[in-house]
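Coordinates in review
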Amino acid sequence: MAYEAAMREALLLAAETTTHADVPVGALVLDAAGDVIGTGYNTRERDDDPTGHAEINAIRAASEARHSWRLEGCTLVVTLEPCTMCAGAIVGARLERLVFGAYDEKAGAVGSLWDVVRDRRLNHRPEVVAGVLAEESASLLRAFFADHRG
């Protein structure tokens, strides 16, 4: 699969959240050449910031690296289906493509509950590649929630 290596890198980023009790989600932004220009993982708990999602952190880092909020030609790779906030940021940043691992049946906004990024009323609709290393992503999340509930 074309994005497996990038998803494995995102899974490594997700694992970094274990040091601060955030839900293990990792994300990275690739430029058109496939080079990583931004990374992120969840930091809501660590930073007491409701916008501290992996996707937002990776998009911010990529925008800083590019000195532009426009991430045209770029791909966001994230271990979990984005929520409505992150889906809106993906559209707003003009990302060309979204690649995600596990579906999020409780808060997913790229097909599970909503489909924000493919809404024809919006001025930008990125390509979506879903389910890349989905089981690995889901397994990481299941282990996290089993540890935190039990």
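Scope of this entry: the structure provided in the associated data block.

Definitions and limits used
- Along each chain, residues carry numbers from 1 onward, in the same order as the chain's sequence is written.
- Confidence filtering applies because this is a predicted model: local features only for residues at pLDDT of at least 70, side-chain atom pairs given and counted only at 80 or more, and all residues used for totals across whole chains, interfaces and linings.
- Each side-chain value is derived from all of the structure's non-hydrogen atoms; neither hydrogens nor water enter the calculation.
- Joining through side-chain atoms within 4.5 Å is the link that ties buried Ala, Val, Leu, Ile, Met, Phe, Trp, Tyr and Cys residues into a set, and such a set is a nonpolar core.
- Residue burial is assigned from relative accessible area. The probe radius is 1.4 Å, only protein chains are included, and a residue is buried under 20% of its type maximum, exposed over 50%, and partly exposed in between.
- Each helix corresponds to a stretch of at least 4 residues labelled H or I by DSSP, and each strand to a stretch of at least 2 residues labelled E; elements are numbered beginning at the N terminus.
- By the convention used here, residues are in contact when the closest approach between their heavy atoms is within 4.5 Å.
- The criterion for an aromatic pair is that two Phe, Tyr or Trp rings (for Trp, the six-membered ring) have centres within 6.5 Å, with stacked assigned to planes under 30 degrees apart, edge-to-face to planes over 60 apart and tilted to the rest.

Looking at the nonpolar core
One finds V29, L71, L76, I90, L95, L98 and V117 to be the most contacted residues of the largest nonpolar core, which totals 26 residues. Listed by contribution, the elements that provide at least two residues to this core are β1 (26-30), α3 (54-66), β3 (75-80), α4 (84-92), β4 (97-102) and α5 (134-149). Considering every element that reaches this core, the biggest residue donor is α3, with four residues. Setting aside residues up to four positions removed in sequence, V29 forms contacts with D35, V36, I37, G38, A58, I59, A62, C74, T75, L76 and L95. Core analysis: the second largest hydrophobic core is formed by 13 residues, L11, L13, V99 and V132 among them.

With respect to the packing of aromatic side chains
Within the structure shown, the criterion is met by two aromatic pairs. Where F100 meets Y103, the ring centres are 5.0 Å apart and the plane angle is 90°; that geometry is what we call edge-to-face. Judged by its relative accessible area of 44%, Y103 is partly exposed. Where F144 meets F145, the ring centres are 5.0 Å apart and the plane angle is 80°; that geometry is what we call edge-to-face. By relative accessible area, which is 10% here, F144 ends up buried.

A closer look at the environment of H53
Here H53 lies in the loop between α2 (44-47) and α3. On the basis of relative accessible area, H53 is assigned to the buried category, the value being 15%. For the pair H53 and C83, spaced 30 residues apart in the sequence, the C-alpha separation amounts to 9.3 Å. Apart from residues lying up to four places away in sequence, H53 is in contact with Y41, N42, R44, C83, M85 and C86.

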